[in-house]
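Per-entry structural report
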Amino acid sequence: IEPEYLKRHPVPFGEYVPFRDSLSFIPALDAVPRDMIRGDRPVVFELTEGVLGSAISFEGAFARTIRSEVAEGAELLVLPSNEGSYGRTEASDQFVGMVRMRAAETGTPIVLAAITGKSLVIAADGALGEEVTSLFVPSVLIQDVNWRTAGQTLYVRYGDWLQILAIVAGAIAVIPNRRRPSAITTPPWAQPRATIGS
């Protein structure tokens, strides 16, 4: 059986309705009559060239989704996306920024293939590729893509624990010192000298 990746993080109110029974009085929710069947695990694809991982659209905004693919062995990620709802706003650029973070924090190149948004290749350090497609312009992007050759990053290995430790360390650093300051004494050599008038 060939592996198949199912989207694990569907868009709320777009691909599923949270608390559907409680919100049934809202007529607009009829536009999403059924909830998407979501995947429950990362899936990678063993190719001759290397191990390919995938996430779908909205999932690129979430570090844990991309991390799990890389932890499963992905050496290159493909992220297909439909950004039609973004229109001609800056949202596509914001999404590119999020995906750049995912590449850098996992040390893994990502190919962002957007149907209506901006498509490009993002290097393992988050650097943008040579070419970026334009919004709503049919294009074919041809570019060499590298596979990850370095080991897993600290974030891939330790996950959110690294962030939690950083938050705790930061909180400790800003906690004010509760001890009362000791009295400051001026050494004799620094005492002001009396001046004698002439």
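Residues numbered from 1 in each chain as written. Predicted model: local features only at pLDDT ≥ 70, side-chain atom pairs only at ≥ 80, totals over all residues. Heavy atoms only, no water.

With that settled, the discussion passes to the side chain of S81. Along the polypeptide, S81 turns up in strand β3 (residues 76–81). Within the structure, the side chain of S81 is placed 3.2 Å from the side chain of S57, a separation counted as a polar contact. The residues contacting S81, other than those within four sequence positions of it, are S57, F95, L112, A113, A114 and I115. (Helix = DSSP H or I, 4+ residues; strand = E, 2+ residues; numbered from the N terminus. Polar contact = N/O pair within 3.5 Å; in protein donor to acceptor, adjacent residues only side chain to side chain. Contact = heavy atoms within 4.5 Å.)

In this section: unusual backbone geometry. Negative phi characterises most residues that are not glycine, and trans characterises most peptide bonds. Its identity is not glycine, yet F19 carries a phi of approximately 55 degrees, on the positive side. Summarising the element assignment, F19 is placed in the segment before β1 (44–46).

This brings us to the confidence of the model for the chain. Per-residue confidence for the chain gives a mean pLDDT of 86; residues scoring 70 or more make up 88%. Element-level pLDDT for the chain is lowest in helix α4 (residues 160–174), with a mean of 87, against a maximum mean of 95 in strand β2 (residues 51–54). (pLDDT = per-residue confidence, 0-100.)

This part covers the sheet that holds β1. Strand order in the open sheet made by the 5 strands is β1-β2-β3-β4-β5, with mixed pairing throughout. Of all strands in the sheet, those bounded by a partner on one side alone are β1 and β5 (120–122). Between one strand axis and the next, the sheet turns through 25 degrees on average, direction left out of account. Pairing of β3 with strand β4 (residues 110–114), which is carried by 5 bridges, proceeds in the parallel orientation. In the sheet register, P80 faces β4, and the bridge partner there is A113. (Pairing = 2+ DSSP bridges. Axes fitted to C-alpha atoms, helices over the stretch in contact; angles between N-to-C directions.)

Next up on the list: the pattern of salt bridges. Summed over all chains, the structure comprises 5 salt bridges. The closest approach of N and O atoms between D35 and R20, which form a salt bridge, is 2.5 Å. A residue pair is termed long-range when its members are at least 10 positions apart, and D35 in the segment before β1 and R20 in the segment before β1 qualify at 15 residues. On the basis of relative accessibility, which here comes to 25%, the residue R20 falls in the partly exposed class. With a closest N to O distance of 2.5 Å, E105 and R102 form a salt bridge. Taken together, the positions of E105 and R102, both in helix α2 (residues 91–106) and 3 residues apart, correspond to about one turn of that helix. Taken as a pair, E105 and R102 share a single burial class, namely buried. (Salt bridge = Lys/Arg side-chain N within 4 Å of Asp/Glu carboxyl O. Buried < 20%, exposed > 50% of the residue type's maximum accessible area, 1.4 Å probe, protein only.)

Bringing the pairing of β3 into the picture now. The pairing of β2 with β3 spans 3 bridges and is classified as parallel. Residue S54 lies in a different strand from β3, and its bridge partner there is V78. Since β2 and β3 lie parallel, the crossover through helix α1 (residues 63–71) that links them has a hand, and here it is right-handed. (Right-handed = clockwise from strand over helix to strand, strands pointing away.)

Now for a nonpolar patch on the surface. A contiguous nonpolar patch, built from L154, Y158, W161, L162, I164, V168, I172 and I175 and spanning about 840 Å² of accessible area, is present on the exposed surface. Of all the secondary structure elements, the ones that give two or more residues to the nonpolar patch are α3 (154–158) and α4. In terms of residues, the nonpolar patch owes the most to one element, α4, which gives 5 residues. Relative to the assigned elements, I175 resides in the segment after α4. (Patch = residues over 30% accessible without salt bridge, like charges linked within 9 Å, V, L, I, M, F, W, Y side chains within 5 Å. Areas by Shrake-Rupley, 256 points an atom, 1.4 Å probe, with all protein chains shown as cover.)

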